[in-house]
Amino acid sequence: MKDKTVFICQSCGSRFPKWMGRCGQCGEWNTLVEELEEEFTASEASFPASEPVLYKEIKEFPKPRIQIGIEEFNKVLGGGVVLGSVVLIGGEPGIGKSTLLLQVSRDIALQDESVLYVSGEESLEQIKIRGDRLGVRDGKLYLLAETNLERILAQAERLKPKALVVDSVQTIFSSKLTSSPGTISQVREVANQIFRFAKRSQVPSFLIGHITKEGSLAGPKSLEHMVDVVLLFEGERDHTHRILRALKNRFGPVSELAIFEMAGNGLQAVSNPSAFFLKERPKDEPGSAVICAIKGARPLLAEVQALVSSTLFTGNPRRMTIGLDHYRAAMLLALVEKKAGYSFAGEDIYINVAGGMSIEEPAADLGVVLAVVSSLKNKAIPKGMAVFGEIGLSGEVRSVGQPLARIKEAHSLGFETVLLPAGNLAQIDPKDLPSLNCLGAQNVRQALQYVF
Ligand code: TYD
Ligand code: MG
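A brief report on the enclosed structure follows. (Residues numbered from 1 in each chain as written. Chains lettered and ligands numbered in written order. Predicted model: local features only at pLDDT ≥ 70, side-chain atom pairs only at ≥ 80, totals over all residues. Heavy atoms only, no water.)

Another aspect to go through is the side chain of His241. With respect to the element layout, His241 can be found in strand β12 (residues 241-249). Its relative accessible area of 2% is what places His241 among the buried residues. A distance of 3.1 Å separates the side chain of His241 from the backbone oxygen of Gly355, its partner in a polar contact. Those residues within four positions of His241 in sequence are excluded, and the remaining contacts are Glu234, Gly235, Glu236, Ile259, Phe260, Glu261, Phe276, Phe277, Gly355, Gly356 and Met357. (Helix = DSSP H or I, 4+ residues; strand = E, 2+ residues; numbered from the N terminus. Buried < 20%, exposed > 50% of the residue type's maximum accessible area, 1.4 Å probe, protein only. Polar contact = N/O pair within 3.5 Å; in protein donor to acceptor, adjacent residues only side chain to side chain. Contact = heavy atoms within 4.5 Å.)

Quick look at the structure:
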């Protein structure tokens with residue numbers, strides 16, 4: 001029997017037998033999406049019916065997990081890959097998703113387990129060229145160049161691998177739907193079928209999804225609720241570092257984050273990220289501040305750079321930020337003018353987080369202000385000093401989370417002084433402080449006095 005499909009309006013839920021540009025019910029444009037007509041017949045009904053269970057009688061047992069040779073990858077997943085889980089890995093084209101998953105496949109295959117790596121994008125020869133760079137040699141790593149979902153699943157059922165990789169979800173299509181690959185309908189159907197396969201056979205499955213910078217992940221975004229784990233692979237294409245973090249994890253925390261460096265032989269875990277991001281920092285140069293940030297759950301030192309230079313032509317002075325929130329930076333500049341008595345009129349200001357890193361948290365505020373004033377005065381911030389603290393609109397320096405972790409990270413990288421919110425310093429038991437000099441600032445003016 002041929003499966004029937006139906007077009008459902010994503011706005012009002014009305015159903016139509018044919019695709020239309022505009023929903024005949026609610027009048028919204030472009031909302032009809034093709035879906036398989038769910039018939040709750042034989043297959044669904046044959047599942048054993050569940051019974052309600054008393055809460056206190058539910059026993060917790062650790063889910064079996066596979067450990068992968070890449071320790072950082074295990075960590076992001078919350079301690080390894082859970083059997084039967086579906087992991088979606090999103091990232092921009094060219095960021096290294098195929099590379100990462102081929103490395104993961106290589107590691108599982110090295111444990112003498114079979115892995116099925118399906119590519120709908122590249123030929124077997126192309127994958128092999130990448131594999132050679134990554135040192136794939138032995139092991140039961142099977143490659144399949146295929147875009148038809150039903151054929152892929154048939155092969156997976158036959159091979160019964162220890163893990164399945166599908167690269168990418170946008171290139172695979174189910175022959176049950178008439179829509180083309182990459183459409184929401186197809187992407188969802190592919191994920192749905194693979195999800196059922198993973199649960200039924202307990203094979204952990206990885207889906208690669210392309211997303212674009214604007215976040216227009218039409219396809220993958222609509223899968224987030226269906227899968228168990230969503231990982232995001234980010235980085236700037238012209239920088240070598242890549243950040244892998246969890247957006248959702250049904251089997252662990254989402255706070256872990258791993259940093260990799262793209263090298264000639266694949267992705268290498270960066271074991272000391274702070275040292276990595278500070279390694280080319282100029283010493284004794286005006287306009288550079290080291291901030292103690294928290295990225296994911298881990299402390300990370302980063303360098304904020306500012307350049308203040310007179311606007312050449314009369315006109316609007318430029319304000320540019322890279323790796324920081326633009327509006328927040330504009331607010332900080334206004335605040336420094338008002339509260340500390342500096343004037344940026346007629347000055348272009350560029351602020352950048354070095355190494356292609358981005359810092360979203362307000363704890364970077366103090367570092368931004370110091371870097372800008374340092375460049376304006378053409379006076380370097382003492383090179384052994386690291387800072388953190390949020391700045392409020394009255395110029396007060398406000399406490400932020402995890403102060404001790406930030407101070408310890410600065411200490412472990414050899415910094416001698418940390419400038420931090422006075423409120424944070426008061427919270428910390430002096431016995432816990434590592435042996436370095438801590439300066440607590442109440443407000444911006446006081447912080448500037450300490451530094452300059
Ligand atoms: P790729 O994994 O193909 O990206 P995606 O699947 O996310 O589209 O890798 C992208 C880039 O990585 C490519 O430009 C080449 C580079 N690369 C290396 O620098 N070193 C390597 O060892 C490999 C395999 C790739
Ligand atoms: Mg790829």
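On to the environment of Gly356. Relative to the elements of secondary structure, Gly356 occurs in the loop between β18 (347-353) and α10 (365-377). It is 11 Å that separates the C-alpha atoms of Gly356 and Val304, two residues lying 52 residues apart in sequence. Residues contacting Gly356, with those up to four places away along its chain left out, are Glu236, His239 and His241.

Strand direction decides the pairing type here: strand β7 (residues 115-119) and strand β8 (residues 141-145), joined by five bridges, are parallel. Its bridge partner being in β8, Tyr117 is matched across the sheet by Leu143. In this fold, the crossover linking β7 to β8 by way of helix α4 (residues 124-133) has right-handed handedness. (Pairing = 2+ DSSP bridges. Right-handed = clockwise from strand over helix to strand, strands pointing away.)

Turning to its location among the elements, Lys221 is positioned in helix α7 (residues 218-221). In sequence terms Lys221 and Ala306 are 85 residues apart; their C-alpha atoms lie 35 Å from each other.

This part is about the sheet that holds strand β19 (residues 385-387). Judged by pairing direction, the sheet is mixed, and its seven strands sit side by side in the order β17-β18-β16-β15-β19-β22-β23 without closing on themselves. Each edge of the open sheet is held by one strand with a lone partner, namely β17 (319-322) and β23 (437-441). Averaged over all pairs of adjacent strands, the angle between strand axes in this sheet comes to 25°, irrespective of strand direction. Both β19 and strand β22 (residues 417-421) contribute to a ladder of three bridges, which runs parallel. Within β22, the position partnered with Met385 by the bridge is Thr417. Its contacts with the sheet place α10 against β15 (288-295), β16 (298-310), β18, β19 and β22, and it is angled at close to 35° to β16. Relative to β23, helix α13 (residues 444-451) is tilted by about 150°, and along the sheet it contacts β19, β22 and β23. (Axes fitted to C-alpha atoms, helices over the stretch in contact; angles between N-to-C directions.)

Another point: the nonpolar core. Among the nonpolar cores identified, the biggest contains 46 residues, and Leu324, Ile351, Ile359, Leu370, Val372 and Leu419 are the most heavily contacted of them. The residue makeup of this core includes at least three contributed by each of domain 2 (67-271) and domain 3 (277-451). What Leu419 contacts, discounting residues up to four positions off in sequence, is Leu366, Leu370, Met385, Ala386, Val387, Phe388, Leu439, Ala441, Ala447, Tyr450 and Val451. Ile70, Ile95, Val165 and Ala258 belong to the second-largest nonpolar core, a separate cluster that totals 36 residues. (Core = buried A, V, L, I, M, F, W, Y, C linked by side-chain atoms within 4.5 Å. Domains from an automatic or database assignment.)

So, on to the site of ligand 1. Near ligand 1, the surroundings consist of 16 residues, among which Gly94, Ser98, Thr99, Ala263 and Gly266 are the closest. Contact distances for ligand 1 include 2.5 Å between an oxygen atom and a side-chain N or O atom of Thr99. Between a nitrogen atom of ligand 1 and a side-chain N or O atom of Arg133, the distance comes to 3.1 Å. The fraction of the free accessible surface of ligand 1 (560 Å²) that becomes covered by protein chains is 75%. Contributing elements (two or more residues each) for the shell around ligand 1: α3 (97-110), α4 and β13 (257-263). (Near = heavy atom within 4 Å. Areas by Shrake-Rupley, 256 points an atom, 1.4 Å probe, with all protein chains shown as cover.)

Burial in helix α5 (residues 149-159) covers these residues: Leu149, Ile152, Leu153 and Ala156. Buried residues of α5, viewed axially, fall in a sector of 95°; they line one side. Of the exposed residues in α5, the ones pointing more than 90 degrees away from its buried face are Arg151 and Arg158. Considering only its buried residues, α5 is in contact with β7, β8 and α6 (184-201). Sitting at the amino-terminal end of α5 is Asn148, which places a side-chain oxygen 2.9 Å from the backbone nitrogen of Glu150. Positive backbone phi, approximately 45°, marks Lys160, located one or two places after α5. (Arc of directions from axis to C-beta.)

Let's shift gears to the packing of aromatic side chains. Tallied over the entire structure, the rule returns three aromatic pairs. Taking the centre distance of 6.4 Å and the plane angle of 75° together, the rings of Phe233 and Phe260 count as edge-to-face. In this pair, Phe233 sits in strand β11 (residues 229-234) while Phe260 sits in strand β13, placing the two residues 27 residues apart along the sequence. The pair formed by Phe233 and Phe260 is uniform in burial state, with each residue classed as buried. (Phe/Tyr/Trp six-rings, centres within 6.5 Å; stacked < 30°, edge-to-face > 60°.)

This part covers the pattern of salt bridges. Tallying each qualifying case throughout the model produces 16 salt bridges. Across the salt bridge formed by Glu72 and Arg298, the nearest N and O atoms sit 3.6 Å from each other. With Glu72 in helix α2 (residues 71-76) and Arg298 in strand β16, this pair connects stretches of sequence that are 226 residues apart. Across this residue pair, the class does not change: Glu72 and Arg298 are buried. One continuous salt-bridge network, built from bridges that share partners, spans Glu72, Lys75 and Arg298. (Salt bridge = Lys/Arg side-chain N within 4 Å of Asp/Glu carboxyl O.)

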